[in-house]
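Read off the chains here:
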Amino acid sequence: MAAVEQITDGVHNLSVIDSGKKNRIQVSNTKKPLFFYVNLAKRYMQQHNEVELSALGMAIATVVSVAEILKNGELAVEKKIMTSTVDIKDDSRGRPVQKAKIEILLEKSEDFDKLMAAAAEEDDFDDGEEQS
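Everything quoted here is computed from the prediction, not taken from an experiment.

Q: Mind laying out helix 2 (residues 34-48), listing which residues take part and the relevant values?
A: With 15 residues, helix 2 ought to run about 21 Å at 1.5 Å a step, and its terminal C-alpha atoms sit 21 Å apart, in line with that. The set of residues buried in helix 2 consists of Y37, V38, L40, A41, Y44 and M45. Down the axis of helix 2, the buried set is contained in an arc of 165 degrees. They therefore lie on one face. At the exit of helix 2 stands N49, carrying a positive phi of roughly 70 degrees.

Below, the structure written as structure tokens:
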């Protein structure tokens, strides 16, 4: 019977590492507007309390801009920044090419919920004025 209790305890204490993070936004240069990513990051922070922004190569500037907009708007606090290089297979050259990679982890600021509520109220007010 003790073995069953040990297994049960092991299952309860099990932590699963999920590489497909649900709070990660992989930014690309697919012509999505900057504020698409800003608004998506806000939604992810509402759901998960933090968001990880990730990009390769030329998309790094977009990720940095998104992070700065959220920080300057006092919605997010920078928790961690990781940089690295990754090998990407280039079919045209037939050999791997190194690309810069950045990952920025942001967490909700203390005022996040208050600021988001105020913005939602403002949107509701604006909608009411338009309908009159």
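Q: Lay out the pairing of strand 1 (residues 24-27) in plain terms, naming residues and giving numbers.
A: Here strand 1 shows a buried face lined by I25 and V27 and an unburied face lined by R24 and Q26. As paired strands, strand 1 and strand 2 (residues 50-56) are joined by four bridges and run parallel to one another. Residue pairing for strand 2: Q26 is matched across the bridge by S54.

Q: Account for the nonpolar core, naming residues and giving values.
A: Counting residues in each nonpolar core, the largest one holds 24 residues, and the members touching the most others are I25, V51, L53, L70 and L106. The set of elements that each furnish at least two residues to this core consists of strand 1, helix 2, strand 2, helix 3 (60-72), strand 4 (95-108) and helix 4 (112-131). Here this core takes six residues from helix 2, the largest share from any one element. Here V51 is in contact with N23, I25, A41, Y44, M45, I104, L105 and L106, once residues within four sequence places are set aside.

Q: I'd like a description of the pairing of strand 2, backed by residues and values.
A: Counting buried positions over the seven residues of strand 2 gives five, a clear majority of the element. Assessed by its sense of winding, the connection that carries the chain from strand 1 through helix 2 to strand 2 is right-handed. Of the strand pairs in this sheet, strand 2 and strand 4 are connected by seven bridges, and their pairing is antiparallel. Each residue of the ladder has a partner; that of L53, found in strand 4, is I104.

Q: Before we move on, could you go through the sheet that holds strand 3 (residues 76-90) and cite the residues and values that matter?
A: The four strands lie next to each other as 1-2-4-3, forming an open sheet whose pairing is mixed. Looking at which strands have only one partner, the edges of the open sheet turn out to be strand 1 and strand 3. Sheet twist, expressed as the mean angle between neighbouring strand axes with direction ignored, is 20 degrees. For strand 3 and strand 4, the ladder comprises 14 bridges, and the chain directions are antiparallel. Paired with K89 across the strands is P96, a residue of strand 4. Taken strand by strand, helix 2 contacts strand 1, strand 2, strand 3 and strand 4, and its axis lies near 140 degrees from that of strand 2. Across the sheet, helix 3 lies against strand 1, strand 2, strand 3 and strand 4, angled at about 5 degrees from strand 4, the strand it touches most.

Calculation rules
- Residues numbered from 1 in each chain as written.
- Predicted model: local features only at pLDDT ≥ 70, side-chain atom pairs only at ≥ 80, totals over all residues.
- Heavy atoms only, no water.
- Helix = DSSP H or I, 4+ residues; strand = E, 2+ residues; numbered from the N terminus.
- Expected span 1.5 Å × (residues − 1).
- Buried < 20%, exposed > 50% of the residue type's maximum accessible area, 1.4 Å probe, protein only.
- Arc of directions from axis to C-beta.
- Pairing = 2+ DSSP bridges.
- Core = buried A, V, L, I, M, F, W, Y, C linked by side-chain atoms within 4.5 Å.
- Contact = heavy atoms within 4.5 Å.
- Right-handed = clockwise from strand over helix to strand, strands pointing away.
- Axes fitted to C-alpha atoms, helices over the stretch in contact; angles between N-to-C directions.

That's the geometry; what it means functionally is another story.
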